[in-house]
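Notes for the structure review
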Amino acid sequence: MDKASDAVSRLSDPGVEDWVRSFRLLESGSPELPPHHPDCLGCGPANPHGHSLSVRRCGGGVVAHHLFDQRHVGAPGIAHGGAVATVIDDLFGFLLYTVGELAVTRNLDMDYLAPVLLDTPYTLHAEVRSRHSRKLNLAARMEDLEGRSVTTATAVFIVVEAEHFLQSRAKARRQA
């Protein structure tokens, strides 16, 4: 039994259970990766304010194509830096399908090398650089049509058990 399957057997929250179960798809070999969940801000198809990021495996990492639109405006004609960071953070989350474990963002460092323009296609790449115990060191880049990097990023994700999400969800419900 893989870690995701074992975690599902201990869960009683259907929303978290379905999400953890999705990591079983890692072994299917399909290049298309599923959204993290329907309402995810980065990739959820049911989130009307989201980015609807669609991600594929590529070698040992992941790749996506994205177009920022008027919903993501910062300065006129330019994507808001927070919208760009959201997409990069979500892209890093797709690497978890290649690792086969759940993890959370500990640190995200962004370098904006050029303006990220609205209505302009970009290609995003991410990979796991290294792993030390529970720490995953990740790297990403966003390229324009000419292959120039407009944004680069590094992150540290911390591997966690499914119970981390159950505890967080229960805490949020108590505070609501």
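Above this note sits the structure.
Since the structure is predicted, the reported quantities are computational estimates derived from the model, not experimental observations.

1. Observations concerning the overall build of the protein
The helix and strand inventory of the protein stands at four helices and seven strands. Going through the 176 residues of the protein one by one, you find that 43% of them count as buried. Across the protein, every contact between residues at least 6 apart in sequence was considered, and the portion connecting residues at least 24 apart equals 60%.

2. A short note on the environment of V160
You can see V160 is positioned in the loop between β7 (149-159) and α4 (163-175). When its relative accessible area of 12% is taken as the criterion, V160 is described as buried. For the pair V160 and K135, spaced 25 residues apart in sequence, the C-alpha to C-alpha distance is 9.9 Å.

3. Digging into the pattern of salt bridges
Tallied over the entire structure, the rule returns seven salt bridges. Within the structure, one salt-bridge network assembled from shared partners comprises D144, E146 and R148.

4. Re the sheet that holds strand β3 (residues 61-67)
Taking strand neighbours across the sheet as the criterion, the seven strands line up as β1-β2-β3-β5-β6-β7-β4 in an open arrangement whose pairing is antiparallel. Two strands bound the open sheet, and with one partner strand each, they are β1 (32-33) and β4 (103-112). One ladder, built from four bridges, connects strand β2 (residues 55-58) with β3; its direction is antiparallel. If you follow V55 over to β3, its bridge partner there is A64. Contacting β1, β2, β3, β4, β5 (121-132), β6 (135-143) and β7, helix α3 (residues 81-99) runs over the sheet at an angle of about 135 degrees to β4.

5. Looking at the environment of M142
Along the chain, M142 falls in strand β6. Exposure remark for M142: the relative accessible area of 0% places this residue in the buried category. Considering only alpha carbons, one finds M142 and V63, 79 residues apart in sequence, at a separation of 9.8 Å. In this structure, M142 is in contact with F68, V84, I88, V116, Y122, T123, L124, R148, S149, V150 and T151, ignoring residues within four places of it in sequence.

6. Considering the pairing of β7
Of all 11 residues in β7, eight are buried, a share of seventy percent or more. Bridge analysis of β4 against β7 gives nine bridges, and the strand direction is antiparallel. Along β7, the bridge assignment pairs D111 with T152. As paired elements, β6 and β7 share nine bridges and run antiparallel to each other. Across the sheet, the residue bridging to L138 is A155, located in β7. Taking the residues that link successive antiparallel strands as the turn, the β6-β7 hairpin has five residues, and the phi of G147 there is positive, at about 85 degrees.

The rules we used
- Residues numbered from 1 in each chain as written.
- Predicted model: local features only at pLDDT ≥ 70, side-chain atom pairs only at ≥ 80, totals over all residues.
- Heavy atoms only, no water.
- Helix = DSSP H or I, 4+ residues; strand = E, 2+ residues; numbered from the N terminus.
- Buried < 20%, exposed > 50% of the residue type's maximum accessible area, 1.4 Å probe, protein only.
- Contact = heavy atoms within 4.5 Å.
- Salt bridge = Lys/Arg side-chain N within 4 Å of Asp/Glu carboxyl O.
- Pairing = 2+ DSSP bridges.
- Axes fitted to C-alpha atoms, helices over the stretch in contact; angles between N-to-C directions.

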